[in-house]
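Listed below are the residues making up each chain.
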Amino acid sequence: MCPTFGVQFTPDEAFSNTALAVFDPADLSRLRPGADAASARRYELDPRTGLPVATPSGRLEIWAHPCPADQLRTKPAYVIAVDVGGCWEGADWSVIAVFDVRTPGQLEVVAQWRGHVHIDRLCSLACALGRYYHRALLIFESNTLETRGTHALEKLGRSGYPNLYRRQAFDTVTNTMSTRIGFHTNAATKAAAIFELTYALRDGRLIERSAAAIDEMATYIRRGEKTEAAHGCHDDMLMTRAIAAYALAQSPPRPLKSLF
């Protein structure tokens, strides 16, 4: 239950508050059966091998493991979006969400890690999951990395991970266009990402497995010109979906044969 404007709303009650809701309640209702019916096993990643090890207390939920290599038809076959939070109890959550994008235009949630961890450890976890899911396109929300995790950002660039998402950026030193690691959230890019998620929901292209993520969408509201989580609620899982939808719209997966 999330408090907003001094009133307590359950997710279902937020569905009916269409004046505030960003996402169409009917679209969210269509997601519920797939999330409620899906059961994930819990894992932690082995720090030596980078492979998931089943444990009841694990913070990594997996609904579907990576497909066999001979079933790969596009590159990337998987996309991973990372929303960076804090490492202390009570901070925003860090979320690593894995999407199967082998069906054109479709985002299917297949795994998710959620917790509090230092930034360098979060980067290592995301890279390990990326390698596990056939070198997934790995998209970091870069704002926190750029302000509080510069060392981690530089280390990430030198990590050798082969498929980091890079955005176009203007270099004020050289006065030329260049690229930078990650998705930078500002008023324009956030609005664009939320719109892409709205379209994915409307068109039935998002297959959601986490009921908690749908709850976040249900309590995500308009406040003037901005969109944000209702007071006392979170949007960490939601933003990974929005970032992935945005990146996929910018550069959809290509058939493998077209890469060579």
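A brief report on the enclosed structure follows.

Criteria and cut-off values
- Within each chain, residues carry numbers counting from 1 in the order of the written sequence.
- Whole-chain, interface and lining totals are the exception, using all residues; otherwise, since this is a predicted model, local features are given only for residues with pLDDT of at least 70 and side-chain atom pairs are given and counted only at 80 or more.
- Excluded from the side-chain calculations are hydrogens and water; all other atoms, namely the structure's heavy atoms, are used.
- By the criteria applied, helices consist of DSSP H or I runs no shorter than four residues and strands consist of E runs no shorter than two, each listed in order from the N terminus.
- Under the scheme applied here, a residue whose accessible area is under 20% of the maximum for its type counts as buried, over 50% as exposed, and between as partly exposed, the area being computed with a 1.4 Å probe on protein chains only.
- Only the protein chains shown count as cover for residues, and all accessible areas are computed by the Shrake-Rupley method using a 1.4 Å probe.
- Any helix carries an expected span of 1.5 Å times its number of residues minus one.
- Here a polar contact is recorded for every N or O atom pair within 3.5 Å, except that within protein the pair must consist of a potential hydrogen donor and a potential acceptor, and residues adjacent in sequence are included only if both atoms are side-chain atoms.
- For this analysis, residues touch if any pair of their heavy atoms sits within 4.5 Å.
- Any Lys or Arg side-chain nitrogen located within 4 Å of an Asp or Glu carboxyl oxygen qualifies as a salt bridge.

1. Regarding the overall build of the chain
Right, so step 1: Scanning the chain from terminus to terminus reveals eight helices and 16 strands.
Right, so step 2: Residues classed as buried in the chain amount to 50% of the 260 residues present.
Right, so step 3: Total accessible area computed for the chain in this model is approximately 12,800 Å², and 53% of it derives from carbon and sulfur atoms.

2. Quick look at helix α2 (residues 25–37)
In an α-helix, one turn spans 3.6 residues; hence positions three or four apart end up facing the same way.
Right, so step 1: Here α2 is 13 residues long and its end C-alpha atoms lie 19 Å apart, about the 18 Å a rise of 1.5 Å per residue gives.
Right, so step 2: All of the buried residues in α2 are Pro25, Asp27, Leu28, Leu31, Arg32 and Ala35.
Right, so step 3: Between a side-chain oxygen at the N-terminus of α2 and the backbone nitrogen of Ala26 the separation is 2.8 Å; the capping residue is Asp24.

3. Considering the environment of Tyr43
Right, so step 1: The topology assignment puts Tyr43 in strand β3 (residues 41–45).
Right, so step 2: Classification of Tyr43 by relative accessible area gives buried; the value is 8%.
Right, so step 3: In the structure, Tyr43 is positioned ten residues away from Val53 in sequence and 5.2 Å away in space, judged by C-alpha atoms.
Right, so step 4: Dropping the residues within four chain positions of it, Tyr43 is found in contact with Pro52, Val53, Ala54, Thr55, Gly58, Arg59, Leu60, Ile62 and His65.
Right, so step 5: Of the polar contacts made by the side chain of Tyr43, one reaches the side chain of His65; its length is 3.1 Å.

4. Topic: the side chain of Glu208
Right, so step 1: Here Glu208 lies in the loop between β13 (206–207) and α7 (211–218).
Right, so step 2: Of the residues examined, Glu208 reaches a relative accessible area of 1% and is grouped as buried.
Right, so step 3: Within the local environment of Glu208, its side chain forms a polar contact with the backbone nitrogen of Ser210, the two atoms lying 3.0 Å apart.
Right, so step 4: Among the polar contacts listed, one links the side chain of Glu208 to the side chain of Arg241, at a separation of 2.8 Å.

5. Thoughts on the environment of Gly58
Right, so step 1: In this fold, Gly58 is placed in the loop between β4 (52–54) and β5 (60–62).
Right, so step 2: Aside from chain neighbours lying at most four places away, what touches Gly58 is Arg42, Tyr43 and Glu44.

6. A few points about the pattern of salt bridges
Right, so step 1: Counting across every chain of the model gives twelve salt bridges.
Right, so step 2: Here Arg30 ties to Asp27 by a salt bridge, and the two come within 2.1 Å at their closest N and O atoms. Of this pair, Arg30 and Asp27 both sit in helix α2, three residues apart, roughly one helical turn.
Right, so step 3: Judged by relative accessible area, Arg30 falls into the exposed class, the value being 54%.
Right, so step 4: On the accessibility criterion, Asp27 (10% relative accessible area) is buried.

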